[in-house]
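Chain residues, written in single-letter form:
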Amino acid sequence: MAYCTRLLLNQGSKGVVGQNVHFRMFHLTLNGFARSVLMSKFDQDSFMPYEKLASNLEIVKKRLNRPLTLAEKVLYSHLDQPSTQKIERGESYLRLRPDRVAMQDATAQMAMLQFISSGLAKVAVPSTIHCDHLIEAQVGGDKDLARAKDINKEVYNFLSTASAKYGVGFWKPGSGIIHQIILENYAFPGVLLIGTDSHTPNGGGLGGLCIGVGGADAVDVMADIPWELKCPKVIGVNLTGKLSGWTSSKDVILKVAGILTVKGGTGAIVEYFGPGVDSISCTGMGTICNMGAEIGATTSVFPYNQRMHDYLVATGRKDIAVLANDYKHLLTGDQGAQYDQVINLNLDELEPHINGPFTPDLAHPISEVGKQAKKHGWPLDIKVGLIGSCTNSSYEDMGRAASIAKQALKRGLKSKTQFTVTPGSEQIRATIERDGFAQVFDEFGGLVLANACGPCIGQWDRKDVKKGEKNTIVSSYNRNFTGRNDANPATHAFVTSPELVTALALAGTLDFDPRRDSLTAANGEKFKLDPPSGDELPSMGFDPGQDTYQPPPKEGSSVRVDVDPKSQRLQLLSPFDKWDGNDLSEMAILIKVKGKCTTDHISAAGPWLKYRGHLDNISNNMFIGAINSDNNEEIGRASCRERV
């Protein structure tokens with residue numbers, strides 16, 4: 001490429017001919033470079049797809065003849081048949097070719113059982129399994145991890161051997177949460193990735209379309225079948241101003257959730273744009289995209305920028321960053337692109353938010369939440385503060401929370417509540433331990449949990465309150481539906497940023513606003529907290545920690561995958577009878593639900609996760625959290641009475 005640039009500079013009177021030669025040579029060189037850059041260091045046979053995506057995009061742009069949003073560019077460049085596919089937002093169905101698949105260990109069980117029944121020898125696209133959902137938080141990271149490995153041995157062995165046999169990368173228990181691992185290793189600008197978890201959109205923080213799907217969709221893609229998606233609408237969020245003080249990236253999505261509600265993003269991709277984008281870190285963009293699942297969005301995405309470039313370099317992917325710079329036209333929206341809806345948000349005016357209880361779209365500025373709590377009778381005393389999870393466990397998040405804890409320790413104070421810390425990955429755990437954050441949290445009174453989902457998905461053996469006891473918890477998680485974290489319907493769960501969780505845990509009460517309220521130091525002096533601070537990326541680089549990745553062997557056909565016929569956790573699938581060519585008719589409606597119906601309501605996590613690989617057993621969990629439209633009762637409660 002350097003030679004081509006010199007040629008252009010020296011072309012003199014050659015004019016257009018020289019320019020055309022330069023253009024062709026430049027693209028030949030660029031395309032050759034693209035074909036040599038790996039999608040990840042773990043996929044030695046899979047290369048960056050930019051050349052093909054750019055070619056597909058040109059076909060689509062000529063057909064549509066209009067400016068395209070970033071979401072459209074990434075999506076339409078992955079069309080199976082870009083020259084003939086009908087493209088109409090909100091109407092047509094797209095047949096797509098995703099670049100890769102990711103599965104967490106709960107949903108991966110059924111997905112791999114389905115793939116086994118396909119009879120195929122190997123997955124068709126790069127795929128990974130991440131062991132993060134089956135580790136229950138009890139006493140602390142090491143002991144909880146050891147216990148999980150013991151009680152889930154059968155499932156982990158199945159996933160490990162099935163991965164080896166069918167060419168799937170396997171991240172062992174203790175590796176970290178699927179979405180953090182993807183951001184650190186697999187997401188890249190322009191990727192189309194599907195994952196068997198609601199919060200897969202986290203990868204949008206690196207400029208890709210990462211979409212949560214069911215296991216059957218993942219199996220289709222692994223079996224080389226085009227994936228179908230109703231062509232989404234595009235909601236634009238225009239960010240102006242910049243983040244500062246106590247306001248963080250989490251407040252952006254908390255505010256947007258209050259505007260759109262839990263269903264306002266349904267059938268749409270949320271695309272962030274505008275000058276305010278550049279004030280948000282790459283991992284901060286991931287936070288915003290992650291929680292976009294709570295507004296029902298198909299996914300969320302940010303345009304490629306320098307913050308993403310820096311994160312790619314910091315995580316050992318400089319070649320991808322360099323290549324992305326050359327394909328920026330593919331990774332940013334066109335000037336004049338039209339959105340189906342536009343939300344304008346001035347970050348200079350955005351207040352820190354706390355959302356809840358019982359729903360993530362009940363938004364409150366920090367200045368108002370105390371008044372609302374008193375008005376509605378929500379408990380003001382905070383029992384537990386919880387930071388981390390897939391939404392907020394980056395190095396920056398941990399640093400900003402630690403900066404608040406350090407101020408408290410300097411004045412002789414500790415957390416007034418129970419305080420837990422969930423590292424998002426082994427890399428984050430090792431890095432915050434090396435850089436002293438873990439010690440700060442320990443001195444603050446915190447308990448570092450395993451690198452796993454833990455309390456965020458209900459994997460929490462909570463002992464401090466009885467079921468039915470009214471109480472308040474505050475977390476940096478993404479969801480706070482009734483009973484989500486601890487299976488207690490009386491727990492009032494609020495979500496906010498990690499730094500605000502830390503400040504609230506220090507104060508011990510929900511009506512504390514660190515911007516205006518004072519605390520009392522151990523010596524009796526009044527003081528106010530300084531705004532949080534933290535480095536976006538570690539100055540000494542990331543510490544990878546322990547190696548927890550199992551690559552698939554080059555040849556896995558001889559690997560044996562065993563499933564005990566008497567197992568209560570795994571069950572091989574029997575094929576359906578061959579279709580007779582006739583549509584089913586006059587089928588009975590078994591249940592009609594009303595109100596909120598998220599994946600939590602359809603098939604709750606927590607204790608039910610252990611049955612995700614057993615079709616008969618997990619079926620007993622279907623819709624038990626949903627509301628029956630006939631009697632307005634929770635289906636599970638009515639079922640319990642009927643069984644009694």
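Scroll up to find the structure this text is about.
As a starting point, this report considers the structure included with it.

What counts and how
- The residue count restarts for each chain, going from 1 along the sequence in the order it is written.
- Local features in a predicted model are, by the rule used here, given only for residues with pLDDT of at least 70; side-chain atom pairs are given and counted only at 80 or more, and totals for whole chains, interfaces and linings are based on all residues.
- No hydrogens and no water enter the side-chain calculation; it runs on all heavy atoms of the structure.
- If DSSP finds at least two bridges between two strands, the strands pair.
- Secondary structure elements are defined from DSSP: runs of H or I of at least 4 residues count as helices, runs of E of at least 2 residues count as strands, and each element is numbered from the N terminus.
- Residue contacts are defined here by distance: any two heavy atoms, one from each residue, within 4.5 Å place the two residues in contact.
- Geometry is summarised by axes, namely lines fitted to C-alpha atoms with helices restricted to the contacting stretch, and by angles between N-to-C directions that run from 0 to 180 degrees.
- Salt bridge, as applied in this entry: a Lys or Arg side-chain nitrogen positioned within 4 Å of an Asp or Glu carboxyl oxygen.
- Accessibility here uses a 1.4 Å probe with only protein chains present; expressed as a share of the type maximum, an area under 20% marks a residue as buried, one over 50% as exposed, and anything in between as partly exposed.
- Every crossover in which the path from the first strand over the helix to the second runs clockwise, viewed with the strands pointing away from the viewer, is termed right-handed.

Taken in spatial order, the six strands line up as β6-β5-β2-β3-β4-β21 in an open sheet, and their pairing is mixed. This sheet does not close on itself; its edge strands, each paired only once, are β6 (209–212) and β21 (549–550). Relative to β6, strand β5 (residues 192–195) is paired through four bridges, and the arrangement is parallel. When the sheet's bridge partners are listed, Leu193 is paired in β6 with Cys210. Sheet strands in contact with helix α5 (residues 105–118) are β2 (100–104) and β3 (127–130), and its direction is about 115° off that of β2.

Enumeration over the complete set of coordinates arrives at 28 salt bridges. Lys554 is the salt-bridge partner of Asp45, the closest N and O atoms lying 3.7 Å from each other. Taken as a pair, Asp45 in the loop between α2 (15–34) and α3 (50–64) and Lys554 in the loop between β21 and β22 (593–594) lie far apart in primary sequence, 509 residues in all. Each of the two residues, Asp45 as well as Lys554, counts as exposed. Taken together, the shared-partner salt bridges in this structure form one network comprising Glu351, Asp513, Arg515, Arg516 and Asp517.

What follows deals with the environment of Leu500. Here Leu500 lies in helix α18 (residues 498–507). Along the sequence, Leu500 and Lys153 sit 347 residues apart, while their C-alpha atoms lie 38 Å from each other.

Take the pairing of strand β7 (residues 227–230) next. Taking every second residue as pointing to the same face, the buried face of β7 carries Trp227 and Leu229, while none of Glu228 and Lys230 on the other face is buried. Across four bridges, strand β1 (residues 93–96) lies against β7 in antiparallel orientation. Pairing of Leu94 across the sheet is with Leu229, part of β7.

A few words on the pairing of strand β9 (residues 268–273). With five of its six residues buried, β9 lies for the most part within the structure. With six bridges joining them, strand β8 (residues 233–240) and β9 adopt parallel strand pairing. Opposite Val237, over in β9, you have Tyr272 as the bridge partner. Following the backbone out of β8, through helix α10 (residues 249–260) and into the adjacent parallel β9, one traces a crossover that is right-handed. You can see the chain leave β9, run along helix α11 (residues 282–290) and come back into strand β10 (residues 299–301), and the turn it takes is right-handed.

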